[in-house]
Amino acid sequence: MPSTLASVADSMLSETARTNALAEFRRAPGEHERPGRYWKIDLDGLEIPFEALVQGSVEISFSGELPDGVIACDLATAEREHGELLRQVFGCTEAASRKFGTLARAYLTGGAFIYIPDGVELPHLTVTHRLVGHAGVASTSVLAGNGARGTIVERIEAPAGAFVCQTSEIVTGERAEITSAAIQQLPLDARILASRGARPGRSSRIAFALADLGASLAAGSLDVTIAQPGVESRVSALFFPTSTQHVDLVTRVHHDVGDAVSRTLVKGAAAGAGQARYVGSIRIAAHAQRSDASLRDDTLLLSEHAHIDSIPALEIAANDVKAYHGATVGAIDEDERFYIETRGISRTQAERMIALGFFESVVDCFPTETLREQLREALAAKIG
Amino acid sequence: MSHSALIVADLYAEVEGKRILKGIDLRVEPGKVSALMGPNGSGKSTLAYTLAGHPKYIVESGTATLDGIDLLALSPDKRARLGLYLSFQYPAAIPGVKVANFIYAARQALRPGDLPPAKFRALLMDRLQVLDMDPSLLGRYVNDGFSGGEKKRLEVLQLAMLAPKYAILDETDSGLDVDALRAVGDSITALRADDEGRQTGFLIITHYPRILEHIRPDVVHIMLDGRIVKTGGADLADRIEREGYDTIREETTSVA
Ligand SMILES: Nc1ncnc2c1ncn2[C@@H]1O[C@H](COP(=O)(O)OP(=O)(O)O)[C@@H](O)[C@H]1O
Ligand SMILES: [Mg+2]
């Protein structure tokens, strides 16, 4: 046993692990390289501050009550004391093989590990990753046991101009219910590359509520792998690039077995010269009968120079499935605005109301009123 | 003697390059009810939109004043702040904006700071009850997924909460069943009995005279093809009820 633990430890923070991960990163196919009609940035050709990453360090802190049995610690402690558990989540989701996920592993200096044992409920835990230098990796691994429940909020604090590589993985047992929320509000000249992955267990519910508001460049992917029946996955995301911000978001839900439900809801608006690309992928494997998947993405353009490319990708190989895709694209509706104006509300305020309302169905998916209010205020401030 | 009235004079307006209003003259007095009746497509909604300031409805000539102030020079929100209200025939949905918040924002825009939130809430609950509406509606998004009847009631709820000087009700009655129609009638009656709404002048647009049994009009105008072709008392509405628009159409075309 001890030797196994040692080798697990070795595979995470060691020099060999880094070298291997970096080689993997260089080999990994780019997933963001396909420029859209307006999307001109080649993310795979992105200049990465390798030097700064090597020196980077990230402080982890937790806030929230920890019920008996719940573990919330840094990665080094987890390797030392809970290697067996850590090994069940670290590197076990699709996030690990995504390009930015391999980058995260190559420069991992620490991270957060959270474990919720069987049947335990963790009401609300906030994990904060604080970058000490100008570059760093923010890594979160969550393992939930059978019937475990919990809400986990991830926060990143970083200085102006920071480069953040984020990776976040969730693995659950049976009948677990986990909600993961993150509001990305990095400084406007920071960059963040994120990869998230989840592997929910049989009859589990997994919910993501994600918002990208900050950073000059926010590129992220989320992979939910449904490999057990009875899963209910909810992915709710919003993004809102303004001024010259860029957002690139990929969500993938992979129904690898049948009898599971997935709902993906994405609301993207852009103002100023903000640009975004969203790829929403739903894959239903041939044997994944009775899958029930929906993808809804709505786009709102608030200025002439704002652009969003929204690309649905549905691959459905099974025949007995329910699959829905709906999308809207457009500017503010004139009749909607007029209706509000006839109530004495100015044009500017009416447009603000419509834009805030546009995001509301995603805002509503965030787990606490505090977060929802924080989000509404941040969105309102961005609308200006 | 006073200028207190909503006055439309010789108004011509077009939409999408097509002339719809062809010289409308109309006067709505405070505390009075004018009815505007006419078959589908005669231009009633066009008049309502033009007065409220919809950007697609272009005034070619003529005037519209509210208590002596030129309405046509103002943006829609300023017209509302002068005291004009439009109950839409087809109200727009505003996803993500809750009914209670929306009405509060409107009340704030029209009468800044006149009601603290608690009093606003009490008034809202009161008016909701008169309209026989479910309070859960306040937490729903404005007109989003509403039935036709719910939309119309929400228009009347806003009317009751905003107590404008002049209200244009564009087919607020259509799509309402008998009970809903009575509730709407009661709500308007209650508003007019109230200090806030006592002086509200109404322009009630309809093509069925049913609603006029609940709110007796002081004057009835008949509109055909963008013109007001006949004006009379409440008995004119009764005549439409019996005969429809055909005989009036025949009379007026033979005169012309
Ligand atoms: N937004 C619009 N675009 C094009 N035509 C319109 C529009 N609104 C009204 N019209 C036309 O104006 C005429 C009058 O319509 P409307 O004012 O809605 O009549 P009513 O309300 O009396 O039924 C109709 O011929 C209608 O097609
Ligand atoms: Mg009409």
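Here, the structure is the one placed above.
Residues numbered from 1 in each chain as written. Chains lettered and ligands numbered in written order. Predicted model: local features only at pLDDT ≥ 70, side-chain atom pairs only at ≥ 80, totals over all residues. Heavy atoms only, no water.

**Quick notes on the overall build of chain A**
Formally: Only DSSP runs of H or I with at least four residues qualify as helices, and only runs of E with at least two residues qualify as strands; both kinds are numbered from the N terminus onward. Using C-alpha atoms as the atom set, the radius of gyration is obtained and then compared with a globule rule of 2.2 Å times the number of residues to the power 0.38. Contact criterion: two residues are considered in contact whenever any of their non-hydrogen atoms come within 4.5 Å of each other. Accessible areas in this description were obtained via Shrake-Rupley with a 1.4 Å probe; residue shielding takes into account the shown protein chains only. Working convention for charge: Lys and Arg count positive, Asp and Glu count negative, and His plus the chain ends are omitted. The atom standing in for a charge is NZ when the residue is Lys, CZ when it is Arg, CG when it is Asp and CD when it is Glu.
Along its length, chain A carries 9 helices and 18 strands. A globule of 384 residues ought to have a C-alpha radius of gyration of about 21 Å, and chain A, at 20 Å, matches this closely. When contacts within chain A are restricted to residue pairs at least 6 apart in sequence, long-range pairs at least 24 apart make up 86% of them. Carbon and sulfur atoms provide 49% of the accessible area of chain A, an area that totals close to 14,800 Å². Seen as two clouds, the 36 positive and the 49 negative side-chain charges of chain A have centres 3 Å apart.

**What about the packing of aromatic side chains?**
Residues and elements named next belong to chain B. This is how it is decided: In this scheme Phe, Tyr and Trp rings, the latter by its six-membered ring, pair at centre separations within 6.5 Å, and the angle between planes marks the pair as stacked below 30 degrees, edge-to-face above 60, and tilted otherwise. Three exposure classes are used, based on accessible area relative to the maximum for each residue type with a 1.4 Å probe and protein chains only: buried under 20%, partly exposed in between, and exposed over 50%.
Going through the model one piece at a time under the given rule, you end up with 10 aromatic pairs over all chains. Between the aromatic rings of tyrosine 104 and phenylalanine 120, the centroid separation amounts to 4.8 Å while the plane-to-plane angle is 75°, which identifies the pairing as edge-to-face. Within this pair, whereas tyrosine 104 is found in helix 3 (residues 99–110), its partner phenylalanine 120 is found in helix 4 (residues 117–130), the two being separated by 16 residues in sequence. A relative accessible area of 25% places tyrosine 104 in the partly exposed class.

**With respect to the sheet that holds strand 12 (residues 232–239) of chain A**
Residues and elements named next belong to chain A. Rules: One bridge is not enough; two strands pair if DSSP finds at least two bridges between them. Between N-to-C directions, angles span 0 to 180 degrees; the directions come from axes that are lines fitted to C-alpha atoms, helices contributing only their stretch in contact.
Taken in spatial order, the 9 strands line up as 1-4-6-8-10-12-14-16-18 in an open sheet, and their pairing is mixed. If you trace the sheet from one side to the other, it starts and ends with strand 1 (58–63) and strand 18 (322–330), each paired once. The average undirected angle you get between the axes of adjacent strands in this sheet is 10°. Examined bridge by bridge, strand 8 (residues 177–184) and strand 10 (residues 205–212) share 8 bridges and lie parallel to one another. Bridge assignment links isoleucine 178 to a residue of strand 10, and that residue is isoleucine 206. Along the sheet, helix 8 (residues 347–363) makes contact with strand 12, strand 14 (261–270) and strand 16 (292–301), crossing strand 14 at roughly 155°. Most of the contacts of helix 9 (residues 369–383) go to strand 8, to which it runs at about 30°, and overall it touches strand 6 (149–157), strand 8, strand 10 and strand 12.

**Some details on the nonpolar core**
We apply this condition: Take the buried residues of types Ala, Val, Leu, Ile, Met, Phe, Trp, Tyr and Cys, join any two whose side-chain atoms come within 4.5 Å, and each joined set is a nonpolar core.
If you look at the biggest cluster of nonpolar residues, it comprises 111 residues, and the most contacted ones within it are A:Leu238, A:Ile345, A:Phe366, A:Leu375, B:Phe102, B:Leu157 and B:Phe202. Per-element accounting of this core gives the leading share, 8 residues, to helix 8 of chain A. In contact with A:Leu375, other than residues within four places in its own chain, are A:Ile183, A:Ala211, A:Leu213, A:Leu238, A:Val363 and A:Phe366.

**Remarks on the sheet that holds strand 1 (residues 6–15) of chain B**
Residue and element names in this part refer to chain B. The antiparallel open sheet is built from 4 strands, whose spatial order is 2-1-4-5. In the strand order of this sheet, the two ends are held by strand 2 (18–28) and strand 5 (69–70), each with one partner. Looking at chain direction, strand 1 and strand 2 are connected through 8 bridges and run antiparallel. The residue of strand 2 that forms the bridge with leucine 6 is valine 28. Docked against the sheet, helix 1 (residues 44–52) engages strand 1, strand 2 and strand 4 (57–66), running at close to 75° with respect to strand 2.

**Some points on the coordination of the magnesium ion (ligand 2)**
Residue and element names in this part refer to chain B. This is how it is decided: Distances decide who is a donor: an N, O or S atom must be within 2.8 Å of the metal, or within 3.2 Å for Na, K and Ca. Water is not included, so sites may look incomplete.
Protein coordination at the magnesium ion (ligand 2): the donors are Ser45 (OG) and Gln89 (OE1), at 2.1 Å from the metal. Of the two residues, serine 45 is situated in helix 1 and glutamine 89 in the loop between strand 6 (84–87) and strand 7 (94–98); the sequence distance between them amounts to 44 residues. Glutamine 89 shares its class with serine 45; the two are buried.

**Focus on empty space enclosed by the protein**
Residues and elements named next belong to chain A. Test applied: Here a cavity denotes grid points, spaced 1 Å and computed from the protein atoms alone, that fit a 1.4 Å probe unable to get out, and a pocket denotes an open set having protein on both sides within 12 Å along at least 5 of 7 lines; residues with an atom within 4 Å of a point are the lining. Grid points are joined across faces, edges and corners, and a volume is the space filled by probe spheres set on the points. Any residue outside Ala, Val, Leu, Ile, Met, Phe, Trp, Tyr, Cys, Pro, Asp, Glu, Lys and Arg is labelled polar, Gly included; the first ten of those are nonpolar and the last four are charged.
Following the criterion strictly, the structure yields 5 cavities of 30 Å³ or more and no others. Along its surface, the largest cavity is lined by 15 residues, and Ala194, Arg196, Asp212, Gly220 and Leu249 are the ones closest to its centre. Every element with two or more residues in the lining of the largest cavity is listed here: strand 8, strand 9 (191–199), strand 10 and strand 11 (217–226). The biggest single contributor to the lining of the largest cavity is strand 11, with 5 residues. Tallied by class, the residues present in the lining of the largest cavity amount to 9 nonpolar, 4 polar and 2 charged. Taken as a whole, the second largest cavity spans an internal volume of roughly 40 Å³. Lining of the second largest cavity is provided by Phe90, Gly91, Ala95, Ala96, Gly101, Arg105, Thr167 and Glu169.

**Here's the deal with the pairing of strand 5 (residues 135–144) of chain A**
All names here are of chain A. Most of strand 5 sits inside the fold, with 10 of its 10 residues counted as buried. Residue alternation in strand 5 divides its side chains into two sets, Ala135, Val137, Ser139, Ser141 and Leu143 and Gly136, Ala138, Thr140, Val142 and Ala144, and both sets are buried. Summarising the sheet, strand 3 (residues 112–116) and strand 5 pair through 5 bridges and their orientation is parallel. Note on strand 5: the bridge partner recorded for tyrosine 115 is leucine 143. Sheet analysis places strand 5 next to strand 7 (residues 163–172), joined by 10 bridges and oriented parallel. Its bridge partner being in strand 7, glycine 136 is matched across the sheet by valine 164.

**Here we look at the interface of chain B and chain A**
Quick note on the threshold: Buried area: the accessible area, evaluated with a 1.4 Å probe, that two parts lose upon being put together, summed over both parts. Take a side-chain nitrogen of Lys or Arg and a carboxyl oxygen of Asp or Glu: if they are within 4 Å of each other, that pair is a salt bridge. Identification of polar contacts relies on pairs of N or O atoms within 3.5 Å, with a donor-acceptor requirement for protein atoms, meaning one able to donate a hydrogen and the other able to accept it, and with residues adjacent in sequence counted only if both atoms are side-chain atoms.
The interface of chain B with chain A comprises 32 residues on the first partner and 18 residues on the second. Together, the buried faces of chain B and chain A total about 2,000 Å²; carbon and sulfur atoms form 65% of this surface. Linking chain B with chain A are 2 salt bridges. With a shortest N-O distance of 2.8 Å, A:Arg343 and B:Glu155 are connected by a salt bridge. Run the count over chain B and chain A and you get 10 residue pairs in polar contact (both at pLDDT 80 or more).

**Describing helix 1 of chain B**
Residues and elements named next belong to chain B. Across the 9 residues of helix 1, 9 count as buried, placing the element largely inside the fold. Along helix 1, the residues classified as buried are Lys44, Ser45, Thr46, Leu47, Ala48, Tyr49, Thr50, Leu51 and Ala52. Positive phi appears at glycine 53, one or two residues downstream of helix 1, with a value of about 95°.

**Section: helix 5 (residues 148–162) of chain B**
One turn of the α-helix equals 3.6 residues, which is why residues spaced by three or four share an orientation. All names here are of chain B. The line we're drawing: Take the number of residues in a helix, subtract one, and multiply by 1.5 Å to get its expected span.
Here helix 5 contains 15 residues, and its C-alpha end-to-end distance of 21 Å stays within 8% of the 21 Å for a straight helix at 1.5 Å per residue. Across the 15 residues that make up helix 5, a large majority, 12, are buried. Those residues of helix 5 lying buried are Gly149, Lys152, Arg153, Leu154, Glu155, Val156, Leu157, Gln158, Leu159, Ala160, Met161 and Leu162. One or two residues past the end of helix 5 sits alanine 163, with phi positive at roughly 40°.

**What to know about the site of ligand 1**
All names here are of chain B. We apply this condition: The cutoff for a nearby residue is simple: one of its non-hydrogen atoms must lie within 4 Å of the molecule or strand.
Ligand 1 sits among 13 residues. The nearest are Gly41, Lys44, Ser45, Thr46 and Tyr57. At a separation of 3.2 Å, an oxygen atom of ligand 1 approaches a polar backbone atom of serine 42. Taking 560 Å² as the accessible area of ligand 1 by itself, protein coverage stands at 69%. The set of elements that each furnish at least two residues to the shell around ligand 1 consists of strand 2 and helix 1. When grouped by side-chain class, the residues that make up the shell around ligand 1 number 4 nonpolar, 6 polar and 3 charged.

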